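Commentary on secondary and tertiary structure
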Amino acid sequence: MNKKIGLFFGTFNPIHIGHVIIANHMAEFSDLDEVWLVVTPHNPHKKKSTLLDNHNRLDMVFMACEEFEHLQPSDVEFRLEQPNYTVKTLAHLQEKYPTNEFCLIMGEDNLKTFHKWKNYEVILDNHSLYVYPRKSGGKVENQFKDHPKITRVDAPVIEISATFIRDSIKEGKFIKPMLPAKVWEYVIHNNFYK
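Residues numbered from 1 in each chain as written. Predicted model: local features only at pLDDT ≥ 70, side-chain atom pairs only at ≥ 80, totals over all residues. Heavy atoms only, no water.

- Looking at an unreviewed UniProt entry, one finds the chain named Probable nicotinate-nucleotide adenylyltransferase, with Zunongwangia profunda as its source organism.
- Taken from UniProt, the Sequence similarities (unreviewed entry) comment for the chain reads in full: "Belongs to the NadD family."
- The Function (unreviewed entry) field of the UniProt record for the chain holds the comment "Catalyzes the reversible adenylation of nicotinate mononucleotide (NaMN) to nicotinic acid adenine dinucleotide (NaAD)." (UniProt positions renumbered as here; feature names shortened; annotations may be inferred.)

So this is what it looks like as structure tokens:
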């Protein structure tokens with residue numbers, strides 16, 4: 001069956017309700033059939049002590065998605081050569097699932113720097129972009145303003161960051177409402193981000 005799938009990339013360190021709200025909004029209020037939350041693997045060449053193991057982050061994405069019919073976790077990038085670029089992931093998925101149409105979901109902050117992405121023209125030639133609003137400085141390049149392949153989706157503006165969540169947990173703050181319930185339990189049980 002042909003499906004139109006939105007790819008929502010992130011380290012999801014940890015996945016929080018902001019991610020889930022945006023992903024679900026894209027699945028429910030656009031013409032996308034599904035949204036895949038693609039967990040970005042740890043780059044072996046970068047030392048990032050705050051980044052949890054790939055599989056811990058994937059487990060949390062599974063937990064966050066399980067109640068949502070149109071949201072799917074994806075570990076596709078775990079098997080691709082590192083460092084990886086979005087253009088390669090898109091090509092890999094299109095080859096593996098030739099009947100599906102893959103689209104890229106991004107915040108407006110990312111659209112402002114999209115012209116700096118590796119092979120961004122190739123991405124736009126072959127895939128659509130679904131952009132949700134974000135509060136951020138800078139401006140969108142003119143070439144992207146009325147582009148036929150770029151759809152703006154009027155999603156809620158969510159100002160929660162995973163960095164804020166990690167810092168808050170480290171400081172011993174009770175921020176349970178910002179995480180899906182099972183993700184909160186998993187983080188606390190495993191003593192993550194302390």
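Quick look at the pairing of strand β4 (residues 101-107)
- By the criterion of burial, β4 is predominantly enclosed, with 6 of the 7 residues buried.
- Inspection of the sheet shows β4 paired to strand β5 (residues 129-132) by 4 bridges, in the parallel sense. Among the inter-strand pairings, Ile105 is bridged to a residue of β5, identified as Tyr130. (Buried < 20%, exposed > 50% of the residue type's maximum accessible area, 1.4 Å probe, protein only. Helix = DSSP H or I, 4+ residues; strand = E, 2+ residues; numbered from the N terminus. Pairing = 2+ DSSP bridges.)

Things to note about the sheet that holds β5
- Spatial ordering of the open sheet is given by β3-β2-β1-β4-β5-β6, a layout of 6 strands whose pairing is parallel. Strand pairing shows two members of the sheet lacking a second neighbour, β3 (71-74) and β6 (150-152), which therefore form its edges. Sheet twist, expressed as the mean angle between neighbouring strand axes with direction ignored, is 30°.
- Of the strand pairs in this sheet, strand β1 (residues 4-10) and strand β2 (residues 34-39) are connected by 6 bridges, and their pairing is parallel. Across the sheet, the residue bridging to Gly6 is Val35, located in β2.
- Docked against the sheet, helix α2 (residues 54-65) engages β2 and β3, running at close to 170° with respect to β3. (Axes fitted to C-alpha atoms, helices over the stretch in contact; angles between N-to-C directions. Contact = heavy atoms within 4.5 Å.)

Structural notes on the packing of aromatic side chains
- Under the definition given, this model contains 12 aromatic pairs.
- Ring geometry for Phe8 and Tyr132: centres 6.0 Å apart, planes at 85°, overall edge-to-face. Of this pair, Phe8 sits in strand β1 while Tyr132 sits in strand β5; the two residues are 124 residues apart in sequence, bridging distant segments of the chain.
- A ring pair is formed by Tyr186 and Phe192, whose centres lie 5.7 Å apart and whose planes are at 65°; its orientation type is edge-to-face.
- On the basis of relative accessible area, Tyr186 is assigned to the buried category, the value being 14%.
- Members of the aromatic cluster, connected to one another through ring pairs, are Phe114, Trp117, Tyr120 and Phe144.
- Above the face of the Tyr85 ring, Lys118 is positioned so that its terminal group lies 5.2 Å from the ring centre. (Phe/Tyr/Trp six-rings, centres within 6.5 Å; stacked < 30°, edge-to-face > 60°. Lys NZ or Arg CZ within 6 Å of the ring centre and 35° of its normal.)

Considerations on helix α7 (residues 162-170)
- Taken together, the buried positions of α7 are Ala162, Ile165, Arg166, Ser168 and Ile169. One side of α7 holds all its buried residues, which, seen down the axis, span an arc of 165°.
- Of the surrounding secondary structure, the elements contacted by the buried residues of α7 are α8 (181-189).
- Looking one or two residues beyond α7, the residue adopting positive phi is Gly172, at roughly 80°. (Arc of directions from axis to C-beta.)

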